Amino acid sequence: MNQLEGLLILIALPLSLLCSGYWLAALLAQSNPLERLAFALPCGLAVLLAGVAAVNFFHPLSGAWAYACLAPALLTFLLPRSRTGLVRDLIETARSSPRLVLLAAGLFF
């Protein structure tokens, strides 16, 4: 694995967890953006693990069946409320605490 592949995995893994769980976190209208984003990560992990278990029960995880496990991430982009909420929460988090964003970026890179 070269450095570019490793970088893509470091970026894609948190984003896939966030996108897979944000459609549930979008239902939390009374919480602040950091709480919704923090709630989306473990929910995304749980949803993806449940999806992998369900798909693997019927078919081996190879080919298109492996990509079918990422279907919950599409819910965030298909539902307008969660799509606009995710963009709004990411922008608001980056604006409210730029030091936190720099710290998180520094941890990954």
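Predicted model only: the values in this text are computed from it and were never measured. (Residues numbered from 1 in each chain as written. Predicted model: local features only at pLDDT ≥ 70, side-chain atom pairs only at ≥ 80, totals over all residues. Heavy atoms only, no water.)

**Q** Would you mind going over the confidence of the model for the protein chain with me for this structure?
**A** Caution applies to low-pLDDT regions: their predicted coordinates should not be interpreted in detail. The predicted model of the protein chain averages 86 in pLDDT, with 95% of residues at 70 or higher. Within the protein chain, no element has a lower average pLDDT than helix α6 (residues 98-108), which sits at 70, and none a higher one than helix α2 (residues 33-58), at 91. (pLDDT = per-residue confidence, 0-100. Helix = DSSP H or I, 4+ residues; strand = E, 2+ residues; numbered from the N terminus.)

**Q** Just to check I follow, could you spell out the environment of Arg81 for this structure?
**A** By the secondary structure assignment, Arg81 is in helix α5 (residues 80-96). Here the alpha-carbon distance between Arg81 and Ala26, two residues 55 residues apart in the chain, equals 7.2 Å. Leaving out residues up to four positions away in the same chain, Arg81 has contacts with Ala26, Leu27 and Ala29. (Contact = heavy atoms within 4.5 Å.)

**Q** How should I be thinking about a nonpolar patch on the surface in this particular structure?
**A** On the surface, a cluster of nonpolar side chains totalling about 510 Å² of accessible area is made up of Leu4, Leu7, Leu8, Leu10, Ile11 and Leu15. In this structure, Ile11 sits in helix α1 (residues 3-25). On the accessibility criterion, Ile11 (36% relative accessible area) is partly exposed. (Patch = residues over 30% accessible without salt bridge, like charges linked within 9 Å, V, L, I, M, F, W, Y side chains within 5 Å. Areas by Shrake-Rupley, 256 points an atom, 1.4 Å probe, with all protein chains shown as cover. Salt bridge = Lys/Arg side-chain N within 4 Å of Asp/Glu carboxyl O. Buried < 20%, exposed > 50% of the residue type's maximum accessible area, 1.4 Å probe, protein only.)

**Q** I tried to follow the packing of aromatic side chains on my own but got confused; where do I start?
**A** Where two aromatic rings form a pair, the distance of their centres and the angle of their planes describe that pair. Scanning all chains against the criterion turns up 1 aromatic pair. Residues Phe57 and Phe58 carry aromatic rings whose centres are separated by 5.0 Å and whose planes lie at 85 degrees to one another, so their mutual orientation is edge-to-face. One exposure class covers both Phe57 and Phe58, and it is exposed. (Phe/Tyr/Trp six-rings, centres within 6.5 Å; stacked < 30°, edge-to-face > 60°.)

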